[in-house]
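The primary structure of each chain is shown beneath.
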Amino acid sequence: MTQKKDNVVLSVEQVSKSFYVEDEPPILALSETDLEVQKGEFVAVIGPSGCGKSTLFNIIGGLIPSDTGRIMVDGRETNGPDKQIGMVFQEESTFAWRTVEQNIAFPLELAGVPKAERVKQAAHFADLVGLSGFEKRYPAELSGGMRQRVALARTLALEPQILLMDEPFAALDEQTRMLLGEKITEIREELDQTVLLITHNITEAVQLSDRVAIMSFRPGVIKRTIDIDLPRPRGPETISSDKFGHYVGEIWADLREEAARGLRESEKALADEH
Amino acid sequence: MLTTPTRVRAFSLFAIWLLWEVNAQIGWLVPEVFTPTSQILAGLAEISTSPVFYEHMFFTILSTGVGFLIAVFAGTILGIGMGAFRIVGRALNPYIAALASSPKIIFLPVVMSFAGWGTETKMTMAVIGAIFPILLSAYAGMLSINPVHIRVAKSFNIKWYDLITKVYLPSLRHPLLVGFRLGFGASLVSVVLTEAKFGESGLGFLAMQYYGLYAIGKMFSVLVILFALAIIANFLLDRFATRVPH
Ligand SMILES: Nc1ncnc2c1ncn2[C@@H]1O[C@H](COP(=O)(O)OP(=O)(O)OP(=O)(O)O)[C@@H](O)[C@H]1O
Ligand SMILES: [Mg+2]
């Protein structure tokens, strides 16, 4: 996909974050991290466990403050959760006491949208994620994949320009994950959205993104980005192509070092404790 | 035969009644206490025609109801506050746990010295009885709220009052219902105890009066009425609970 390179919609500038835990050396989760995302681009951030992906997600979403640096959306600095950014969380996050319709309408309710309009919008977004007919069901009556789609629709309901997702498919099985990935690429084309997906799944990153940003472990920075030059839609043929496999291999080569270092350090930390 | 909960329930009630009645008829175990059901029914028939009885019942219901409702509001708000401000919650928790497990009747002299002998004292005792289970269950519920729900809400820039009404309260629905149930029982106990000890009105007072007159049948009929009130209150709470999803 060709992008105009001057149309940055989201930028992470020199963001650092340390966590201080009593009686332990501070953890530098992010160190002067930079990332730019173009309008309409699908970027995946991939990195080993504990490298600071969720921290980056929470800072971009405005849920936790950074120590240094700033987040820019459309050229203005954000201050807390921003209307233009919609967040989808890794954990199961639907409200058990609300029906699918009421879950999707939740942000509209907060925004004071009248009931009739909310119901209409909820039906529209339920349909968009493939859940029409389930509006009156409660989350407990749905499968895990369906519940994650409810969470997605709830985030989409405010029509954010940027969709920010932290391992949204991590709790799902492989097939559901692949299908939901396809769904998300369809939706973002329909809504003309920019997507930043956090993942630790290499295949998923290559299947979905225009660009993959690889994070290093301690300090967490984006050490390299790789353009994924594959035709869309990316069905089974694309996934089984040599080029796809080549990208997966290239990312793994980079990631392997980081992941191994992460593993060594966490083993060492464990050993120190004993 | 005993294949459904309703059947088991009906059978056990019947069995207990049968034991009671047989015992009363043959006068085997403390016959002064285990009066035949016919006498209790006669007592019920008699008191239900006396206007004084309804007055007493009214005072009991009023004190319990008002006290319970105050405790529902205050207990829920305090419990949410303690959960939302963790430091306050942790600081106060030991005191509240200590108060909650002490017999509430020890507060009676203090309350009476402020509020006298009347309905206000009974209401205050009802509040004291009900507030602890409600507060503690709200607080426990707050500690087990799914943190991702709060993060979702914050990502939508939720206002504090929407956070309370649209996230905290619905998340607390199950623990709160348990707290309300326990709280109602506690407030009824507090009111009836106060009435029995120091009151001049109410069903507790009436039961003690009949007891003093050795009118055991009538005394039991007052207890049956109290039992019925508790069942009705529970039923109303149940009706409320079934409207709460999952
Ligand atoms: N609130 C916190 N307090 C202390 N340390 C934290 C906190 N949040 C994160 N950390 C630490 O910061 C580092 C980065 O955490 P983060 O959750 O961002 O990792 P991640 O890349 O999302 O990992 P995963 O892939 O396992 O989800 C970890 O070492 C973690 O232990
Ligand atoms: Mg994470």
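Residues numbered from 1 in each chain as written. Chains lettered and ligands numbered in written order. Predicted model: local features only at pLDDT ≥ 70, side-chain atom pairs only at ≥ 80, totals over all residues. Heavy atoms only, no water.

What follows is about the overall build of chain A. Across its full length, chain A holds eight helices and 10 strands. Relative to the globule expectation of 19 Å for 274 residues, the C-alpha radius of gyration of chain A, 19 Å, shows essentially globular dimensions. Once the C-alpha set of chain A is aligned to its principal axes, its extents read approximately 55 × 50 × 45 Å. Burial analysis of chain A (274 residues in total) assigns 51% to the buried set. Expressed as a percentage of contacts within chain A between residues at least 6 apart in sequence, the contacts between residues at least 24 apart total 71%. Surface exposure of chain A reaches about 12700 Å², of which carbon and sulfur atoms provide 50%. Taking the average place of the 31 positive charges on the side chains of chain A and the average place of its 45 negative ones, the gap between the two points comes to 3 Å. (Helix = DSSP H or I, 4+ residues; strand = E, 2+ residues; numbered from the N terminus. Rg over C-alpha atoms; globule rule 2.2 N^0.38 Å. Buried < 20%, exposed > 50% of the residue type's maximum accessible area, 1.4 Å probe, protein only. Contact = heavy atoms within 4.5 Å. Areas by Shrake-Rupley, 256 points an atom, 1.4 Å probe, with all protein chains shown as cover. Lys, Arg positive; Asp, Glu negative; His and termini not counted. Charge placed at Lys NZ, Arg CZ, Asp CG, Glu CD.)

A count of helices and strands for chain B gives 11 helices and zero strands. Mapped in sequence order, the helices and strands of chain B form the string α-α-α-α-α-α-α-α-α-α-α. Across chain B, contacts joining residues at least 24 apart in sequence account for 74% of those joining residues at least 6 apart. Entry remark: accessible area of chain B is about 13900 Å², with carbon and sulfur atoms responsible for 74%.

Residue and element names in this part refer to chain A. Tracing the backbone shows glutamine 161 in the loop between α4 (144–156) and β7 (162–166). Among the polar contacts listed, one links the side chain of glutamine 161 to the side chain of aspartate 74, at a separation of 3.1 Å. Dropping the residues within four chain positions of it, glutamine 161 is found in contact with Val9, Lys39, Asp74, Gln84, Gln193 and Thr194. (Polar contact = N/O pair within 3.5 Å; in protein donor to acceptor, adjacent residues only side chain to side chain.)

With that settled, the discussion passes to the confidence of the model for chain B. All names here are of chain B. Of all residues in chain B, 99% have pLDDT values of 70 or greater, and the mean over the chain is 90. The least confident element of chain B is helix α5 (residues 108–115), whose mean pLDDT is 86; the most confident is helix α7 (residues 147–155), at 96. We note a pTM of 0.86 for the whole complex and an ipTM of 0.90 for its interfaces. (pLDDT = per-residue confidence, 0-100.)

Membership of the largest hydrophobic core comes to 86 residues, with the highest contact counts inside it found for Leu10(A), Leu35(A), Ile60(A), Leu196(A), Ile134(B) and Leu203(B). Ranked by residue count, the leading element in this core is helix α6 (residues 119–143) of chain B, at 11 residues. Formed jointly, this core draws a minimum of three residues from each of two domains, domain 1 (1–84 + 160–242) and domain 2 (90–159) of chain A. Not counting chain neighbours up to four residues away, the residues in contact with Ile134(B) comprise Phe68(B), Ala71(B), Val72(B), Gly75(B), Thr76(B), Leu176(B), Gly179(B), Phe180(B) and Gly183(B). Among the nonpolar cores identified, the runner-up in size contains 30 residues, and Ala105(A), Leu108(A), Leu172(A) and Val195(A) belong to it. (Core = buried A, V, L, I, M, F, W, Y, C linked by side-chain atoms within 4.5 Å. Domains from an automatic or database assignment.)

Across the contact, 22 residues belong to chain A and 19 residues belong to chain B. Between chain A and chain B, the buried area comes to about 1900 Å², and carbon and sulfur atoms account for 68% of it. The largest share of the area that chain A buries against chain B comes from Pro81(A), Trp97(A) and Leu110(A), three residues that together contribute 34% of it. Here chain A and chain B share five residue pairs in polar contact (both at pLDDT 80 or more) between them. Counting only elements with at least two residues in the side of chain A that touches chain B, the list comes to α2 (100–110) and α4 of chain A. Per-element tally for the side of chain A that touches chain B: the top contributor is α2(A), with four residues. Each residue belonging to the side of chain A that touches chain B can be placed in one class, and the counts come to 13 nonpolar, four polar and five charged. (Buried area = accessible area lost by both parts, 1.4 Å probe. Nonpolar A, V, L, I, M, F, W, Y, C, P; charged D, E, K, R; others polar.)

For the rest of this paragraph, the subject is the sheet that holds strand β1 (residues 8–19) of chain A. Residues and elements named next belong to chain A. The strand order β2-β1-β4-β5 describes an open sheet built from four strands, whose pairing is antiparallel. Each end of this open sheet is capped by a strand with a single partner; those strands are β2 (27–38) and β5 (76–77). Pairing of strand β4 (residues 68–73) with β5 involves two bridges; the strand directions are antiparallel. Within the sheet, the bridge partner assigned to methionine 72 lies in β5 and is glutamate 77. Taken strand by strand, helix α1 (residues 53–60) contacts β1, β2 and β4, and its axis lies near 120° from that of β1. (Pairing = 2+ DSSP bridges. Axes fitted to C-alpha atoms, helices over the stretch in contact; angles between N-to-C directions.)

So, about the site of ligand 1. All names here are of chain A. Close contacts around ligand 1 come from 14 residues, with Ser49, Lys53, Ser54, Thr55 and Arg218 the closest. Residue serine 49 places a side-chain N or O atom 2.7 Å away from an oxygen atom belonging to ligand 1. Note that an oxygen atom of ligand 1 is positioned 3.2 Å from one of the backbone N or O atoms of cysteine 51. Going through the elements one at a time, β2 and α1 are the ones with two or more residues in the shell around ligand 1. A total of three residues in the shell around ligand 1 trace back to one element, the largest contributor, which is α1. Along the lines of polarity and charge, the residues of the shell around ligand 1 split into six nonpolar, five polar and three charged. (Near = heavy atom within 4 Å.)

Turning our eyes to something else, we now look at the sheet that holds strand β8 (residues 194–199) of chain A. Consider a sheet: its strands pair through backbone hydrogen bonds, and that pairing is either parallel or antiparallel. All names here are of chain A. Taken in spatial order, the six strands line up as β6-β7-β8-β3-β9-β10 in an open sheet, and their pairing is mixed. Strands with a single pairing partner mark the edges of an open sheet, and in this sheet they are β6 (85–88) and β10 (222–227). Shown here is a sheet whose adjacent strand axes are inclined to one another by a mean of 20°, direction ignored. Here strand β9 (residues 211–215) pairs with β10 via five bridges, running antiparallel. Within β10, the position partnered with arginine 211 by the bridge is aspartate 227. Along the sheet, α1 makes contact with β3 (42–46), β6, β7, β8 and β9, crossing β7 at roughly 150°.

The next point concerns the packing of helix α3 (residues 51–84) of chain B against α6(B). Two elements in contact, α3(B) and α6(B), have axes whose closest approach is 6 Å; the angle formed by their N-to-C orientations is 35°. In the crossing of α3(B) with α6(B), the sense of the turn from one axis to the other is right-handed. (Left-handed = near helix turned anticlockwise from the far one by under 90°.)

Residues and elements named next belong to chain B. Running from amino to carboxyl end, helix α9 (residues 173–198) crosses helix α10 (residues 203–212) at an angle of 45°, the nearest separation of the two axes being 6 Å. The angle between the axes of α9 and α10 places the two elements in the oblique class. Seen from above, α9 lies across α10 with right-handed handedness. In contact with Val192, Glu195 and Ala196 of α9, α10 contributes Leu203, Gly204, Phe205 and Met208. Among the residues forming the contact of α9 with α10, the class breakdown is five nonpolar, one polar and one charged. (Parallel < 35°, antiparallel > 145°, perpendicular 65-115°, else oblique.)

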